[in-house]
Amino acid sequence: MPLNLDDMGGAKELALYRLGAAKEDLEAAELNFKSGHYRASNNRAYYSIFRAISACLALKFKAYKQHSQVIGNFNKDFVHTGIFSKEISRKISRAQEVRHASDYDDFYIVSVDDAKEQLETAREVVDMVEKYLESVK
């Protein structure tokens with residue numbers, strides 16, 4: 001059944017779908033972390049964050065493919081308006097940096113501490129977004 005994005009119900013459906021994808025990525029990040037695959041864990045944790053904040057943007061009828069646009073518009077619509085904290089914005093930016101270095105820098109050494117921080121941020125963001133979506137009628 002196609003989503004109707006012309007009304008809030010359709011937008012919320014899309015947001016919940018994106019949140020489900022975020023939770024799936026978070027689960028993959030946790031499994032990779034437990035297996036000692038920290039580079040893969042960093043990647044999946046970041047994508048969990050990316051999909052979770054994309055879920056919020058669905059409520060504003062917005063979708064972007066570029067990560068910088070997703071993060072920038074999330075900050076504009078949800079952080080600068082006081083819905084979410086500036087601290088979470090800093091954590092999301094840090095997560096993006098870690099994921100980028102982890103995926104593309106041949107000489108980046110993935111530490112257990114960085115992977116653990118990435119995972120904790122992903123859990124926090126997914127939980128925060130889930131609570132927010134529950135509050136939206």
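Note that the structure is a prediction, hence the values are computed from the model and not measured.

Trainee: Explain the nonpolar core to me, using residue names and the numbers behind them.
Mentor: Burial of nonpolar side chains together is a common tendency in soluble globular proteins. Counting residues in hydrophobic clusters, the biggest one holds 38 residues, and the most contacted among them are Phe74, Phe84, Ile92, Val125, Val129, Tyr132 and Leu133. Of all the elements in the fold, those that place two or more residues in this core are α1 (8-34), α2 (38-58), α3 (67-79), α4 (86-104) and α5 (112-135). For this core, the element with the most residues is α2, which contributes eleven residues. Aside from chain neighbours lying at most four places away, what touches Val129 is Leu19, Ala52, Ala55 and Cys56.

Trainee: Can you break down the side chain of Ser89 residue by residue, with the values?
Mentor: Among the structural elements, Ser89 can be located in helix α4. If sequence neighbours within four positions are ignored, Ser89 has contacts with Asn75 and Val79.

Trainee: Any chance you could break down the packing of aromatic side chains for me, citing the residues and the numbers?
Mentor: Using the criterion set out here, one finds nine aromatic pairs in the structure. When the ring of Phe78 is compared with that of Phe84, the centres are 6.0 Å apart and the planes differ by 35 degrees; the resulting orientation is tilted. We note that Phe78, like Phe84, is buried. Joined through ring pairs, the aromatic side chains of Phe74, Phe78, Phe84 and Tyr132 make up one cluster. The ring of Phe78 is capped by Lys60, whose NZ or CZ atom sits 5.5 Å from the centre of that ring.

Trainee: Account for the pattern of salt bridges, naming residues and giving values.
Mentor: Counted according to the given criterion, the structure contains twelve salt bridges. One salt bridge in this structure joins Glu130 and Lys23, with 2.5 Å as the shortest N-O distance. Residue Glu130 is located in helix α5, and its partner Lys23 is located in helix α1; the two are separated by 107 residues in the primary sequence. The network of salt bridges with shared partners includes Asp25, Arg44 and Arg51.

Criteria and cut-off values
- Per chain, residue numbering runs from 1 following the sequence as it is written.
- Selection of residues for local features in this predicted model requires a pLDDT of at least 70, selection of side-chain atom pairs for listing and counting requires 80 or more, and totals for whole chains, interfaces and linings are taken over all residues.
- Heavy atoms throughout the structure, all of them, feed into the side-chain values; hydrogens and water do not.
- Buried residues of nine kinds, namely Ala, Val, Leu, Ile, Met, Phe, Trp, Tyr and Cys, make up a nonpolar core once their side-chain atoms join them within 4.5 Å.
- Throughout, exposure labels follow a simple rule: accessible area from a 1.4 Å probe, protein chains only, divided by the maximum for the residue type, with under 20% read as buried, over 50% as exposed, and the rest as partly exposed.
- Going along the chain from the N terminus, every DSSP run of H or I of four or more residues is numbered as a helix, and every run of E of two or more is numbered as a strand.
- Residue contacts are counted whenever heavy atoms from the two residues lie within 4.5 Å of one another.
- Aromatic contacts are taken between Phe, Tyr and Trp rings whose centres are within 6.5 Å, Trp giving its six-membered ring; a plane angle under 30 degrees counts as stacked, one over 60 as edge-to-face, and the others as tilted.
- Charges are assigned to positions over rings by a cutoff of 6 Å between ring centre and Lys NZ or Arg CZ, combined with an angular limit of 35 degrees from the ring normal.
- Here a salt bridge means any side-chain nitrogen of Lys or Arg lying within 4 Å of a carboxyl oxygen belonging to Asp or Glu.

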